Every structure is written in C-alpha cells, then in structure tokens.
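These are the residues of each chain, in order.
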Amino acid sequence: MIFDEEFETLPREALEALQLKRLQQVAERVYHTVGFYRNAFDEAGVTPDDIKTLDDIRRLPFTTKKDLQDNYPFGLFAVPMGNVIRLHASSGTTGKPTVVGYTKRDIDTWSVLMARSFVASGLTRNDIIHNAYGYGLFTGGLGAHYGAERLGASVIPMSGGSTKKQILILQDFGPTAICCTPSYALYLAEQGEEMGVDMKSLRLRVGILGAEPWSEQMREEIEERLGITALDIYGLSEIIGPGVAIECKEGRSGLHVFEDHFIVEAINPATGSPVKNGEIGELVFTTLTKEAFPLIRYRTRDLSKLVRTPCRCGRTLTRMARVSGRSDDMLIIRGVNVFPSQIESVLLGIEGLEPHYQLIVEREGTLDTLEIRVEVSEKIFSDQVRGLQQIERRITKDIKDYLGVTAAVKLVEAKTLERFEGKAQRVIDKRRI
Ligand code: DLL
C-alpha cells in the first residue's frame, strides 16, 4: 500500500518537472521575503530567474547551522508570525537551540509525510501506535502523533520516560507498532526482560525507529529481542522533523526521500561539489513546499549515499542509505578518521557483548587515546577472568584490523552503562573540555 500513490510513484521525468517548478517558486519567495536569502543570493551573483533546470540548484548558496544561529530565533521565517501556528526547537551541542516554525499548511504537509511513512512501514488505520518519541520542543513526538492521526490509526501518546509504565501499556493496550529511538527500543527490551515479560509475545510487529544513527547489527538485535520488523526513519527539525525519508518494508535497503517536498543532494563536505553517484557525501536538503521556514540547500552534516535504482515497492523516490555518521561526529584519533557507528558494527559482531557501549577519547600529552567501554552478558561476566581477557584482546584486534586505531578496551558488567530515553550519547570527548 502507498499513501499518496500519485506523488510517490511519479515517473522520474514528471517528478523532476514538479521539483523544478517548486524550486523556482521557493527561490522566488525567499528572495523577496527573507533578507538573509536576498543578501546570500546577491552575494553569490544569482537571482531566482537563473534557475532554469534542476542542476541550476548548484548556483544557489548553501545554508548552514551557523546561519540559523546568526538569525536566532525567527530571522529566517518567511511569513508573518501571525501565520505561524507551531514552534519547535532542537538543541545543538553548543549555543542556542535551532528554532523552526510551521504554518497550518506546513503542519498539514508534515502530517501527510508521517502518514506516508507509516504506510510505507506497513501500517494501516487498524494499527495501534505506541509513540515513545519525546513530546515537546523535539519534533519526534508531535510529528509521529499527527501522522498517526492523519492515517487514522490509534495513537498512544506515551512520550519518553517512565519505562516500567511503558512496558505495562505495551502489554495491556497491545500496540502493534512502536515509535522511539533505536537505543530506547533496546532499553525497553532489556527492562521488559528484567520484569519477566516475554517481549516477543507482545502484539508489537513494527518499530519505526530513528533520530540517531544505528547499525544493521543493532537492527538485528532489536528485531530479535522485540520480535518486530525494525525500520529506519530519518528527518531533522530544520527540514520538517521526522518523515523526510523512511525505509519501506518491501525494500529495507535505503530510505525513500519524499522528493516531491524536498530536493536531496550529496556533496563532498570539503569542496561542496556533488559526489559521484553512489559515493558517500554530506546530505544537503532544499525544502520545496514549506511556508514558514523554507530552507535552501541546508547542509545537514549527515553522511550517507544516494541510491537511485528502482525499488520493489514501486515508489520512484530516490533512497538514501542509512546515515553512517555525522561529519562533526567523526572522531579523529591520532589522525585516523573513525565513526562511532563503525565501532558499533565491530562490537556487535562479537558474541557475548551487549549493544551498550561508551567511547571515551582523551589526550595524554599530545597523543589521543580511545577507551571503549562495553557491557558483556551476565553469563560471560561471571566466567573466568581468562575468558574476559580473551574477549578484550579480540575487540582490540578487530578494532585495529578494521579501523586502524588502537583502543583500550574495558569490559563492564551488564546494565551498568547509562541508558537513554531519547538520543543516545555514547561519545565522551574529553579533549574539547
Ligand atoms: O531527530 C527528527 C526525528 C525524530 C527523526 C524522530 C526520526 C525520528 P533533530 O532532533 O533535529 O530531529 O535531529 C536531527 O538527528 O541531522 C541526524 O544527525 C539525526 N538523525 C535523525 N534520524 C536519523 C536516522 C530529529 N534515522 C538529526 N539515522 C539529524 C541517523 C538520524 N541519524
């Protein structure tokens, strides 16, 4: 089933014609309503009339997180405040949050995108959706909520936290789908098991998980422990919130980007030029239909690659591969580039390790050090010291072999590392403090 059959399966030519028309409109609109864009376009020597083909998007300047911060809080809004009916914000690692606004029509567009996402994951109006994304300034909670209502499903507005109560509701209300971060899905599994609940016998069958990077191994673990199909959903507040892209249940290889509303590009973060087809680059999005807070060529810092081969599901939309990390999450350890997701893949490939880990980076003198703390299953922890040492050596070797860095490994008892209700924070970089 496809929610918006017409727009999600448009022949590429028609889709691109629609994108061009909408791009011309949005460029025209921001040029005349947002001082920041007028200046940026003027500086780049480009006017909206210069957009004659889709490739001409490259003539437009990029927008960055810093531009949003410089115009904090409402400087990039393209409509009067009277037309804005909702505000959300995402907190960055530094400084003030990024504020985003929505008109009534924007909320409507977003709800449709989330309804599309749910249908792509195999849900219908007969499903009960347990929504454990946080409600509030974070876009996850309300975004999924409105989408579930638009679909006509029954939504349980759980929000994050109160994990034991969540388990109770999962048992008693019998939701068939769950929305939360992948790390929280694992935490729920763990808490449920601890409470003696057979998490696999719940009615849950689908997880719509996102808001943070996760690996294929993590997916397997979640699917196994909760007895569900786990699908990846991507989005960011600046662009609209969740529902920018989603994996379909038929393909499960790459997330369909809703290209009738967004243009996606993958660029080389160092040069700003497009990467070759199928190469990893930084994702850049342009919103085509947003009214309150349109964004032109927004640099996300998220790394992924675009897949343009047809998908089994019939959608003609370009897919993005699962996000492999953020360009600003990349750890440079003694000159070697390492992404936390790569370490996760190595760890989860080793038997006896739990999917909970922490990476601690420090500097001793002029040398960077990496310590990996990872939980081991209870059974192994109570084993002989020799067994533990063997696992430590194996991790050190695999990390060295696959990633080329030397790490100190510390195995810790199960359930001792911090758990997260929202996005997990696994990297502690003491070098910056
Ligand atoms: O995380 C929106 C969202 C809510 C997406 C619920 C999916 C589900 P922000 O708080 O603005 O918005 O954070 C956006 O989170 O730039 C990525 O770095 C990361 N991110 C989001 N989804 C994924 C994903 C929401 N599926 C930032 N895989 C983005 C990897 C993701 N990273």
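The present account deals with the structure reproduced in this document. Since we're looking at a predicted model, the values are computed, not measured.

### Here's the deal with helix α9 (residues 216-226)
Taken residue by residue, α9 has M218, R219, I222, E223, R225 and L226 as its buried positions. Just past α9, the residue G227 takes up positive phi, approximately 65°.

### Describing the pattern of salt bridges
Two side chains of opposite charge can pair, provided their charged atoms sit close to one another. With the rule as written, the count across this model stands at 38 salt bridges. With its nearest N and O atoms 3.1 Å apart, the salt bridge here joins R326 to D302. Note that R326 is positioned in strand β15 (residues 325-326) and D302 in strand β12 (residues 298-304), a separation of 24 residues in sequence. Classification of R326 by relative accessible area gives partly exposed; the value is 26%. With a relative accessible area of 8%, D302 lands in the buried category. With a closest N to O distance of 3.6 Å, K415 and E378 form a salt bridge. Of this pair, K415 sits in the loop between β20 (408-413) and β21 (427-429) while E378 is found in helix α11 (residues 378-381), placing the two residues 37 residues apart along the sequence. Counted as one network, the salt bridges with shared partners bring together D4, E8, R116, D260 and R315.

### Quick look at the pairing of strand β6 (residues 206-210)
Counting buried residues along β6, five of its five residues qualify, which places the element largely inside the surrounding structure. Where burial is concerned, the two faces of β6 agree: the one with V206, I208 and G210 and the one with G207 and L209 are both buried. Taken together, strand β5 (residues 177-180), helix α8 (residues 182-194) and β6 form a β-α-β motif whose crossover is right-handed. Alignment of β6 against strand β7 (residues 229-236), held across five bridges, turns out to be parallel. Bridge pairing in β7 links G207 to A230. Considered for its hand, the β-α-β crossover made up of β6, α9 and β7 is right-handed.

### So, the nonpolar core
In this structure, F41, F118, I208, Y234, F285 and M320 are the most contacted members of the largest nonpolar core, which totals 78 residues. One finds V338, I350, L353 and I380 within the second-largest nonpolar core, a separate group that totals 25 residues.

### Observations concerning the packing of helix α10 (residues 340-348) against helix α12 (residues 385-403)
Between α10 and α12, the shortest axis-to-axis distance is 10 Å and the interhelical angle comes to 135°. Of the possible angle classes, the one that applies to α10 and α12 is oblique. Here α10 and α12 pass one another in a crossing that is right-handed. Taking contact as the criterion, the partners of Q342, I343, V346 and L347 in α10 are, on α12, I395, D398, I399, Y402 and L403. For the contact of α10 with α12, a count of residues per class yields seven nonpolar, one polar and one charged.

### Re unusual backbone geometry
A cis amide bond links Y72 to the next residue, P73, at an omega of -5°. Relative to the assigned elements, P73 resides in the loop between α4 (65-70) and β1 (86-90). Not every positive phi belongs to a glycine, and R297 is a case in point at roughly 45°. Tracing the sequence through the fold places R297 in the loop between β11 (281-287) and β12.

### Digging into empty space enclosed by the protein
On inspection of all chains with the given rule, the structure shows two cavities of 30 Å³ or more. Estimated volume of the largest cavity: approximately 140 Å³. The wall of the largest cavity is formed by 15 residues, among which H356, E418, R419, F420 and R426 lie closest to the centre. Put simply, the parts of the chain that give the lining of the largest cavity at least two residues each are α8 and β18 (353-364). Ranked by residues supplied to the lining of the largest cavity, first place goes to β18 with four residues. The residue makeup of the lining of the largest cavity, split by class, is eight nonpolar, four polar and three charged. Counting contributing residues, the lining of the largest cavity receives three or more from each of domain 1 (1-326) and domain 2 (331-432). As a volume, the second largest cavity reaches approximately 60 Å³. Lining the second largest cavity, in full, are L68, N71, Y72, P73, F74, G75, L76, F77, P97, T98, V99 and F293. Per-class residue counts for the lining of the second largest cavity are nine nonpolar, three polar and no charged.

### Considering the layout of surface pockets
Empty space among the atoms becomes visible once a probe the size of a water molecule is rolled across them. Quantified by volume, the second largest pocket comes out at close to 440 Å³. For the second largest pocket, the lining is made up of 21 residues, of which D55, R58, V264, E265 and R308 are closest to its centre. Counting residues per element, the ones that place at least two in the lining of the second largest pocket are α2 (12-33) and β10 (262-267). Ranked by residues supplied to the lining of the second largest pocket, first place goes to β10 with five residues. The class makeup of the residues in the lining of the second largest pocket is nine nonpolar, three polar and nine charged.

Scoring rules and cut-offs
Residues numbered from 1 in each chain as written. Predicted model: local features only at pLDDT ≥ 70, side-chain atom pairs only at ≥ 80, totals over all residues. Heavy atoms only, no water. Buried < 20%, exposed > 50% of the residue type's maximum accessible area, 1.4 Å probe, protein only. Helix = DSSP H or I, 4+ residues; strand = E, 2+ residues; numbered from the N terminus. Salt bridge = Lys/Arg side-chain N within 4 Å of Asp/Glu carboxyl O. Right-handed = clockwise from strand over helix to strand, strands pointing away. Pairing = 2+ DSSP bridges. Core = buried A, V, L, I, M, F, W, Y, C linked by side-chain atoms within 4.5 Å. Axes fitted to C-alpha atoms, helices over the stretch in contact; angles between N-to-C directions. Parallel < 35°, antiparallel > 145°, perpendicular 65-115°, else oblique. Left-handed = near helix turned anticlockwise from the far one by under 90°. Contact = heavy atoms within 4.5 Å. Nonpolar A, V, L, I, M, F, W, Y, C, P; charged D, E, K, R; others polar. 1 Å grid on protein atoms, 1.4 Å probe; cavity = no way out; pocket = protein on both sides within 12 Å on 5 of 7 lines; lining within 4 Å. Points joined across faces, edges and corners; volume = space filled by probe spheres on them. Domains from an automatic or database assignment.

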